[in-house]
Every structure is written in C-alpha cells, then in structure tokens.
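# A look at the structure
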Amino acid sequence: MARAYASIILKAPVETVWSLVRDFNGLPAWANGVKTSRIENGLDSDVVGCVRSFHVANGTHVRERLLMLDDARHCFSYNFETRAFPVKNYLATLRLYPVTHSDHTFAEWEATFDEAPGEEGRYEKIVSQDVFATNFRNLAKIIARTRPKRPPGAVRWKGYQPNKVWTSRVIGGPVEEVWKIMRDFAGMGAWHGEITRMRMLKRQRPDKVSGIRDFYFGDGHLNEELLHLCDITRSFSYRITKCDTPWMNYVSGPRLWPVTADNTTFGVWTGDWVASAQDDVVLIPRTEENVYQRAFATLERNFFRKRKA
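The structure reproduced in this document is the subject of the present report. Here the structure is a predicted model, which is why all the values come from computation and not from measurement.

### So, the layout of surface pockets
In this structure, the largest pocket occupies an estimated 450 Å³ of space. Lining of the largest pocket is provided by 25 residues; of these, F54, V56, A84, F85 and V131 occupy positions nearest its centre. Looking at the lining of the largest pocket, the element that brings in the most residues is helix α2 (residues 122–146), giving six residues. Its residues assigned to classes, the lining of the largest pocket shows 16 nonpolar, six polar and three charged.

### Regarding the packing of aromatic side chains
This model, assessed by the stated rule, comprises 28 aromatic pairs. Considering the side-chain rings of F76 and Y78, the 6.2 Å spacing of their centres and the 35 degrees angle between planes classify their relative orientation as tilted. By relative accessible area, F76 is classed as buried at 3%. Judged by relative accessible area, which is 2%, Y78 ranks as buried. With 5.3 Å between their ring centres and 65 degrees between their planes, W157 and W166 make a pair best called edge-to-face. Neither W157 nor W166 differs from the other in exposure class; each is buried. What links up through ring pairs into an aromatic cluster is the set W18, F24, F76, Y78, F80, Y90 and F113. Positioned above the aromatic ring of Y78, the side-chain terminus of R52 is 4.9 Å from the ring centre.

### A short note on unusual backbone geometry
Most peptide bonds adopt trans geometry, and most residues besides glycine take a negative phi value. Positioned with a positive phi, R234 is a non-glycine residue whose angle comes to about 50 degrees. If you trace the backbone, R234 turns up in the loop between β11 (220–230) and β12 (235–242). The phi torsion at N263 lies on the positive side, around 60 degrees, for a residue other than glycine. Among the secondary structure elements, N263 is positioned in the loop between β13 (248–259) and β14 (264–274).

### Points about the nonpolar core
The tendency in soluble globular proteins is for nonpolar side chains to be buried side by side. Counting residues in hydrophobic clusters, the biggest one holds 41 residues, and the most contacted among them are Y90, F113 and F132. Mapped by element, the contributors of at least two residues to this core are β1 (2–10), α1 (14–21), β4 (61–70), β5 (75–82), β6 (88–99), β7 (104–114) and α2. Per-element tally for this core: the top contributor is α2, with eight residues. Residues within four places of F113 in sequence aside, it is in contact with M1, A2, A4, V87, K88, N89, Y90, Y123, E124 and V127. By size, the runner-up hydrophobic cluster in this structure holds 31 residues, among which are F215, L222, A295 and F304.

### Focus on the environment of E64
Topologically, E64 is positioned in strand β4. Counting along the chain gives twelve residues from E64 to F76, while the straight-line C-alpha distance between them is 12 Å. Only 2.7 Å separates the side chain of E64 from the side chain of R52, close enough to count as a polar contact.

Criteria and cut-off values
Residues numbered from 1 in each chain as written. Predicted model: local features only at pLDDT ≥ 70, side-chain atom pairs only at ≥ 80, totals over all residues. Heavy atoms only, no water. 1 Å grid on protein atoms, 1.4 Å probe; cavity = no way out; pocket = protein on both sides within 12 Å on 5 of 7 lines; lining within 4 Å. Points joined across faces, edges and corners; volume = space filled by probe spheres on them. Helix = DSSP H or I, 4+ residues; strand = E, 2+ residues; numbered from the N terminus. Nonpolar A, V, L, I, M, F, W, Y, C, P; charged D, E, K, R; others polar. Phe/Tyr/Trp six-rings, centres within 6.5 Å; stacked < 30°, edge-to-face > 60°. Buried < 20%, exposed > 50% of the residue type's maximum accessible area, 1.4 Å probe, protein only. Lys NZ or Arg CZ within 6 Å of the ring centre and 35° of its normal. Core = buried A, V, L, I, M, F, W, Y, C linked by side-chain atoms within 4.5 Å. Contact = heavy atoms within 4.5 Å. Polar contact = N/O pair within 3.5 Å; in protein donor to acceptor, adjacent residues only side chain to side chain.

This is the structure:
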C-alpha cells in the first residue's frame, strides 16, 4: 500500500486555518487547479456522506465523499467516488494541530491507496508533491497575503483540551535526527538545563520498556518508568514512580512529526495527573514551560542551531 504525505507550518492560529479548510466544497478558494466545485444532491458541505464534484486543470472530473469531519480535532477524511488517478482504495485525511509556542498551525495531509503493479511509487509522489504540498504552499501564500483573523467566538478545544497539558513547538532540525536524540530515555540530562545525574536503574537499556530512569530536577529527586516507545509514531510515554511533587498518576510523553515543507520537526508534549485545583494553578504552567517547552527549546539550541551557525 502506498502512502502520500505532506506537511507544513501555517502562520495563523489553528481556528483560523480550520475555518479556511473545513468547507468540503471550498477547494476553489485555496487549492490550485480547482476552479469550481459543488456538493451533489443539495446537501450542506458538512454533512458526512456528502459528495463534492469538481474538475481539475487538465479537465479530469473528480468526485470525493466526505467520510469523517471532526470539529474537535480539526480533521476530515474522504475517498474517491470518481478517481483522480488510477489507484484503488484511496483514503485521505487532512489534520491540523495548534503550535502553542507560536500560535501557528501544523497541517498534515496524507492518503493511502493501492497502485497498479509496475507503477509503485508513481502516484505516491504525484499526490504528495503535486497535490498536497502544492496546495499547502498555495494556502500558506493566501494566509500571508490576507492575514485572516481568528473567527469571532472560535473555541480551540471543543469542551476540555485533550490533556491537562498539551503543548507544541517547531524544532529546527530533521525529524529523524530529533527523534534519535529524544528516544534515548536516559539522555534528557544532557540537554535539559535543570535535569542532572540522569541514569537508568539496574543498568537497564534506555530503550527497554518498563525501564526506570533516576534523576534530579533542580533539588527534586524523581524516578520515571518508560511505558511505551514507538519508532513508527516517534513517541514515548512514561509515568512518575517517585517524586516529592503533590501529584498522583502522572503520565506524560512527546510525539514528533516531520514538517516536509522545510525539513523541520513538529513536536507535541502532553501530560496528565491528579492534583488539587490549588496545586494545579502552579503545576500546569510550570510543567508546560519549565519541562516540556524548555526541553524542546534547549534540544534545538544545543543540537541544531549550532549546526546552522
């Protein structure tokens, strides 16, 4: 199965970008080569199951069915009803994530499909570069030119945000190089300013799931157990097993995505725990800024800005 993929950082808040791309009938406003589009049978463009019908620049008639639309997670999925390319089992998804550090948006567009024997890789490249990446670049130009404002009354998280702390940042290095550094569960002491004396207990490997790292954060002494490590999603999670901070059931971890537009990295770090509301007033911002965001920032400064100099 082939996978087409493109991603970009768009310089506008996620609520603004979502208002531009959410309309399933809105391709002519931001996608190169699509001049007109209509939703069949008079349905609204946010009715799941509706079909959009349009023609591309070379005259090809395309029909696509909306399979999923999610205003809480800023994403939608669709398939081909009338194919743009001679592929089978086409399923595409466009997703947006807020970049909390800059109030910009990480956008990714991917599709999976089956190519005919002898054409392996051909349409994967065409869809990735000529469709997804090209249309993202056009959308970025429109945003830069028009500087759209956040829609009045827009809410970032529909209900509660997905984690007690959900924070993200762009790191100026290739995702595989960033991940190579971050996946070392005992390596954070080398690049986080307040972490010292970090080591794996019992001389365990840092990629051993269930292994425990021992370290000091300032004057505090902590142990954390590795719960999962995934080279596919470039993510790991861990739980605190020893700590003086007044919280319980602390689970946290980062995940990385490639930004194909400029070969940088988008990182998200989340954390959940149980603590009193009074303690959370201090714990939430301190954890976001002094732990997660500082980790991303110091990693970039120590490993990637030096290389650019």
